[in-house]
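Listed below, chain by chain, are the residues.
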Amino acid sequence: MRLQSIELSGFKSFAKKTALQFDTAITAIVGPNGSGKSNVAESFRFVLGEQSMKSMRGKRGEDMIWNGSSAVPRAGRASVKLIFDNSDRALSLDFDQASLERTVHRDGVNDYALNGSSVRLRDIQALLSQANIGASGHHIISQGEADRVLSASARERREMIEDALGLTGYLYKREEAERKLDKTAENMREVEAVRRELGPHLKFLQSQVKKIENAERLREELAVSYTDYLSREHWYLKSARAELQEERGAEHQRKELDTKIAHLRAGLEKKHDKGSDELIALEERARKSRSRRESLVRELGGVEGELRAQARMGSEEGTVPMREARSFGEKIVQLAEGAQWQELLTFARSFLQKLTSGGEVARAKEELEAKKRVLESEIKTLEIEEAQVGQQLAALRQKIESDKDASRDAERELFAAMAERSSLESALALLRSKEESLMREEERFKEEVREAGALLQKIPEYEGQMVVEDESRGAQEERRRKLERLKIRLEEAGLGNSGEILKEHQETVERDAFLTRELQDLEASAQSLRVLIEDLTKTLETRFVDGIGLINKEFDEYFKLMFGGGSASLQVTKEQKIKRGVELGEDEGGEQEDVEVEEGVEISVALPHKRIKGLHMLSGGERALTSIALIFAMSQVNPPPFLILDETDAALDEANSRRYGDMIENLAKKSQLILITHNRETMSRAGVLYGVTMGSDGTSKLLSVKFEEALAVAK
Ligand code: ATP
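Residues numbered from 1 in each chain as written. Predicted model: local features only at pLDDT ≥ 70, side-chain atom pairs only at ≥ 80, totals over all residues. Heavy atoms only, no water.

### Examining the site of the ligand
Stated precisely, the cut-off is as follows: We call a residue near a molecule or strand when any one of its heavy atoms sits within 4 Å of it. Whenever two N or O atoms come within 3.5 Å, that pair is a polar contact, provided that in protein one can donate a hydrogen and the other can accept it, and provided that, for residues adjacent in sequence, both atoms are side-chain atoms. Computed with the Shrake-Rupley method and a 1.4 Å probe, the accessible areas treat only the protein chains shown as cover for residues. The way it works is that DSSP assigns letters per residue, a run of H or I at least four long becomes a helix, a run of E at least two long becomes a strand, and they are numbered from the N terminus. Classes in brief: Ala, Val, Leu, Ile, Met, Phe, Trp, Tyr, Cys and Pro nonpolar; Asp, Glu, Lys and Arg charged; the others, Gly included, polar.
Residues in close proximity to the ligand total 19 residues, the closest being Asn33, Gly34, Lys37, Asn39 and Arg57. Within the backbone of Asn39, a nitrogen or oxygen atom sits 2.9 Å from an oxygen atom of the ligand. Contact between the ligand and Ile65: a nitrogen atom at 3.0 Å from a main-chain N or O atom of the residue. Computed on the free molecule, the ligand has an accessible area of 640 Å², of which 74% lies beneath the protein chains in the complex. Here the shell around the ligand gets three residues from one element, more than from any other, and that element is helix H1 (residues 37-47). The residue makeup of the shell around the ligand, split by class, is four nonpolar, ten polar and five charged.

Quick look at the structure:
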């Protein structure tokens, strides 16, 4: 890799675009004080990504930009472009040429470009470290800075040496790995925090799931119990209903009894009425017939009396026997007493007539006898009739008597029927109350089936179940109570939105598992990063120790060359630094001292013929010689592609200037050298000389000069 050119535009005093070609191994830049030579050296720092403005003699980015003069207006930005020949692919870029460009704008914003493409600073640094162009800038020694390697702290010196040894690439890698490790640790902390946060929620969900599972078990138990209970209940109700249906026969029986009772009653009433009517009629007939016969018998008696009176008168004319007269008188009295005035009159007249004429007596006698015969016949007829009616009455009475016996049987039958009916009635009342309670039980059963359906989300199968056990209702009651207890427990389990909880639990478990995997992945990558860091540290350690050995050899030689004797060496030191303020828990004793081992590099020198042991005892020139010896030694061990030395030779006397010149030529075999110098000896070793002058417009101007011209320009 070779430096080809650098192009400055708007950078510091280089207002206009100015390019320097580096075609030879040694290029010298000469010019009067204040012309802008150091600005060129700084332009290298700038384009290589220097972040310290102080090291470029500025306070902020803006200070790098041409600030204007009365003749040339200020620039809006400063940019520097560095071009390398990369045909050896020292830079891992698949181009023969690598152009690096940095631009700073007035607002302080920086742009980096690699072969025209915008890149990040870190990309530039990583790329350059491959070619041993580190950030510490050990290859750019600014004016008065050669001494820096001596005045730096042991730790800074170590960094410079690491950079010179080309260990920056490893350091970058290690820093990158450490950054990644930090980031990984941070990610792990974050993931752990999320997981910790998830913990209580997961725990809560787990307890909920346990409850749900418990409730599920209860529900299963409930389903089994329900099936058993409902099957039995169904069977019981069915058989109770059938039994009741059978008992229903009593209703029919009662209807039949009602009909029978009505019939019996009616029969009894009818018989009684009919028998007595007939008896009354017959008795009336008998009474009338007797009364008529008695009247006829009396009349017959009267007719017979008259006949007897006639017979007597027929024998004793005109006289009336005493007995007849008395009979006449008695008859008159009897009729008068009976108020039978008509009969009395008739009797009296006939008596008188009987007394008056005998012819008439005969006629009257015939009449009386005819009458007597009629009466007698009539009486006879009545007597026959009376006998008949008597017979009928006797028969009827007998019939009534026998009917009365028959009624008594019917009554007995009626009473029996009524008794049966009343017992049936109470049986039916019992049946009704049974029916009512069965209906209530059936209603409750329906309600229970509905409730079971709601609780189990499905109605248990109870119809097809065979229940053969014959048991008391008490056992079923006990089952029902058990069901109630189960329902209460299920209710207490409170399974509102179990689906959602299960889903959330599943999701949370998955999330937790995901986080756990994430943590494992992070831990794995953290582990490989730790291994990488360890490896890099070991490599760095070995290379550093080896490098120090090599530098020491060169350092000692250069030192001897410069001082004509003596010795110099580097020592790796380990310093224990105490860090304070690490907060710890009270039981651990509050603050604790944290010891950190800091590795550094110390320099020890021994001048010839002088008993000088410390760097602080060296003169200015001796310091310059020592630092040059060290810088050159470092460069020799791991030569950088180029080395910029800004007036490193300023303090050298003539003899040392020559030795310096020799060393430069030696160095130039391995690195391109850009030397800013006023030293004639140094100028004489350069292949190309650039003269920098400050124009009246305040801008730096560049011109290629010959050695003689250079001597003049440098003044
Ligand atoms: P010496 O030989 O004394 O070391 P030099 O040649 O190295 O001098 P520089 O230090 O490179 O000179 O140049 C400094 C000059 O650059 C000064 O005159 C300064 O005013 C000028 N300068 C620095 N920054 C800017 C800027 N931003 N704009 C304009 N001019 C600037």
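### Re the domain arrangement of the protein chain
Counted only if it meets this: Each domain's extent was defined by an automatic or database domain assignment.
With domains assigned, the protein chain is organised as domain 1 (1-139 + 644-715) and domain 2 (208-493). Computed over C-alpha atoms only, the centres of domain 1 and domain 2 are separated by 153 Å.

### Things to note about the pattern of salt bridges
Our working definition: For this document, the term salt bridge refers to a Lys or Arg side-chain nitrogen within 4 Å of an Asp or Glu carboxyl oxygen. Each residue is placed in one exposure class: buried if its accessible area under a 1.4 Å probe, protein chains only, is under 20% of its type's maximum, exposed if it is over 50%, and partly exposed if it falls in between.
Applying the stated rule across the entire model yields 63 salt bridges. Residue Arg254 pairs with Glu425 through a salt bridge whose shortest N-O separation is 2.8 Å. Taken as a pair, Arg254 in helix H6 (residues 249-313) and Glu425 in helix H9 (residues 358-456) lie far apart in primary sequence, 171 residues in all. Arg254 gets classed as partly exposed once you look at its relative accessible area, which sits at 24%. Assessed through its relative accessible area of 25%, Glu425 is described here as partly exposed. Where Arg421 meets Glu425, a salt bridge forms, and the shortest distance between an N and an O atom there is 3.6 Å. On the criterion of helical spacing, the pair formed by Arg421 and Glu425 is a turn pair, its members being four residues apart in helix H9. A relative accessible area of 27% places Arg421 in the partly exposed class.

### As for the packing of aromatic side chains
The geometry of an aromatic ring pair is captured by the separation of the ring centres together with the interplanar angle, meaning the angle of the planes. For clarity, the threshold we go by: Ring pairs are drawn from Phe, Tyr and Trp, using the six-membered ring of Trp, whenever the two centres fall within 6.5 Å, and their geometry is named by plane angle: stacked under 30 degrees, edge-to-face over 60, tilted for the rest. Whether a charge lies above a ring is judged from NZ of Lys or CZ of Arg, which has to be within 6 Å of the ring centre and within 35 degrees of the ring normal.
One pass over the structure, following the stated rule, counts ten aromatic pairs. On the numbers, 5.3 Å between centres and 90 degrees between planes, the contact of Phe445 with Tyr462 is edge-to-face. Here Phe445 is found in helix H9, whereas its partner Tyr462 is found in the loop between H9 and helix H10 (473-493), with 17 residues between them in sequence. Accessibility classification places Phe445 together with Tyr462 in one group, the buried group. Arg158 extends its terminal NZ or CZ atom over the ring of Phe544, reaching a point 4.1 Å from the ring centre. The ring of Tyr236 is capped by Arg473, whose NZ or CZ atom sits 3.5 Å from the centre of that ring.

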